[in-house]
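# Tertiary structure, described
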Amino acid sequence: MTETDRIPTNLRTLMILEVLGRSDRAMSATEINTALGLPKQTVHRLCATLEQTGFLTRQGNSRRFQVARRLRELGAGLLYNSRDHIARRQILLDVADQIGETVNYVVPEDAGMSYLDRVETDWAFRIQLPIGTHVPFHCTASGKSFLASLAPAARRKCVASLTLQRMTPATHTSQDTLLDELELIASRGYAFDEEEFLEGMVAMAVPVKDPAGRFVAALAYHGPTQRVVLAEAVKQVDVLHTAAKRLSVALFGEH
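Residues numbered from 1 in each chain as written. Predicted model: local features only at pLDDT ≥ 70, side-chain atom pairs only at ≥ 80, totals over all residues. Heavy atoms only, no water.

## Focus on the packing of aromatic side chains
In total, this model carries 3 aromatic pairs according to the counting rule given. For the pair F137 and F146, a centre-to-centre distance of 5.6 Å together with 40 degrees between the ring planes defines the contact as tilted. With respect to class, F137 is no different from F146; both count as buried. Geometrically, the ring pair formed by F146 and F215 is edge-to-face, given 5.4 Å between the ring centres and 65 degrees between the ring planes. In this pair, F146 sits in helix 6 (residues 141–149) while F215 sits in strand 9 (residues 215–224), placing the two residues 69 residues apart along the sequence. Neither residue differs from the other here; F146 and F215 are each classed as buried. Between the NZ or CZ atom of R88 and the centre of the ring of Y105, over which it lies, the distance is 5.0 Å. (Phe/Tyr/Trp six-rings, centres within 6.5 Å; stacked < 30°, edge-to-face > 60°. Buried < 20%, exposed > 50% of the residue type's maximum accessible area, 1.4 Å probe, protein only. Helix = DSSP H or I, 4+ residues; strand = E, 2+ residues; numbered from the N terminus. Lys NZ or Arg CZ within 6 Å of the ring centre and 35° of its normal.)

Written out as structure tokens, the structure reads:
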């Protein structure tokens, strides 16, 4: 009996999820098996079980697996319920104190970007988007920050799958103009919402990345146009980038 044969079944399942979590693309059971060295039939069987239970899904009609909703929710829940969320909260409070507007920690999900954590501004006049709110990818600073983090081919494919619903007169409804802006965002490292989601509200977001440089969440802040002018807001980009690095260290340790 080999060493891999003695690995408990539940640990084998976790190892499959670990391989997929580290990959930047969907993988077939054969590719997963190559990475793990487990019996081929075992990997196929466990992948099929994970697919049936909603933790994995197929990429289109292919034989390649990628993480599904239940696994993403599990990951988000583990992060939220761990002690790391205390450090995250303190960092958000620090950013809110420096900027003076509502600060958000936003993660991508199937239905759009989801507000996982936030610190509200002390201003009486504020725009409230409660924790758990889902907002579109194409017309929010956090959503565009996520889209811009994708490799160009994956970015085009993702944008092509979106319904570019017009939320305000400023919303992108053309794939070409959205892709042009996403290319700019990718090069400069931050994204704006220029009243594209809600009239009278602007926002700015930067990506929080894992040690491999992959997008984990967006750190964003928003406010009413009566207080926030984007030409001035861009001066806060260093505050956001510094906080994003601190969040990455809080989540994953020193890189």
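## Some details on the environment of E181
In this fold, E181 is placed in helix 8 (residues 175–188). For E181 and A191, which are 10 residues apart along the polypeptide, the C-alpha to C-alpha distance reads 8.9 Å. Once you skip the residues sitting within four places of it in the chain, E181 turns out to touch K144, H172, F192 and E196. (Contact = heavy atoms within 4.5 Å.)

## A word on the nonpolar core
V95, Y105, L219, Y221 and L240 are the most contacted members of the largest nonpolar core, which totals 30 residues. Of all the secondary structure elements, the ones that give two or more residues to this core are helix 5 (84–99), strand 4 (102–109), strand 5 (112–119), strand 8 (201–209), strand 9, helix 9 (230–233) and helix 10 (237–252). Counting residues in each nonpolar core, the second largest holds 25 residues, with V106, L164, F197 and A205 among its members. (Core = buried A, V, L, I, M, F, W, Y, C linked by side-chain atoms within 4.5 Å.)

## Here we look at the sheet that holds strand 7 (residues 191–194)
Ordered by their spatial adjacency, 6 strands build an open sheet running 6-5-4-9-8-7, and the pairing between neighbours is antiparallel. A strand with exactly one partner marks an edge of an open sheet, and here the two such strands are strand 6 (134–135) and strand 7. Alignment of strand 4 against strand 5, held across 7 bridges, turns out to be antiparallel. Considered in strand 5, the bridge of V106 is made with Y115. On the sheet, helix 10 packs against strand 4, strand 8 and strand 9 and is oriented at approximately 40 degrees with respect to strand 8. (Pairing = 2+ DSSP bridges. Axes fitted to C-alpha atoms, helices over the stretch in contact; angles between N-to-C directions.)

## Re the pattern of salt bridges
Evaluation of the coordinates by the stated rule reveals 12 salt bridges. The salt bridge involving K144 is made with E181; its shortest N-O contact spans 2.8 Å. Of the two residues, K144 sits in helix 6 while E181 sits in helix 8, which places them 37 residues apart along the sequence. The residues K144 and E181 share a single accessibility class, namely buried. Here the residues in one salt-bridge network are R25, E31 and R64, joined through shared partners. (Salt bridge = Lys/Arg side-chain N within 4 Å of Asp/Glu carboxyl O.)

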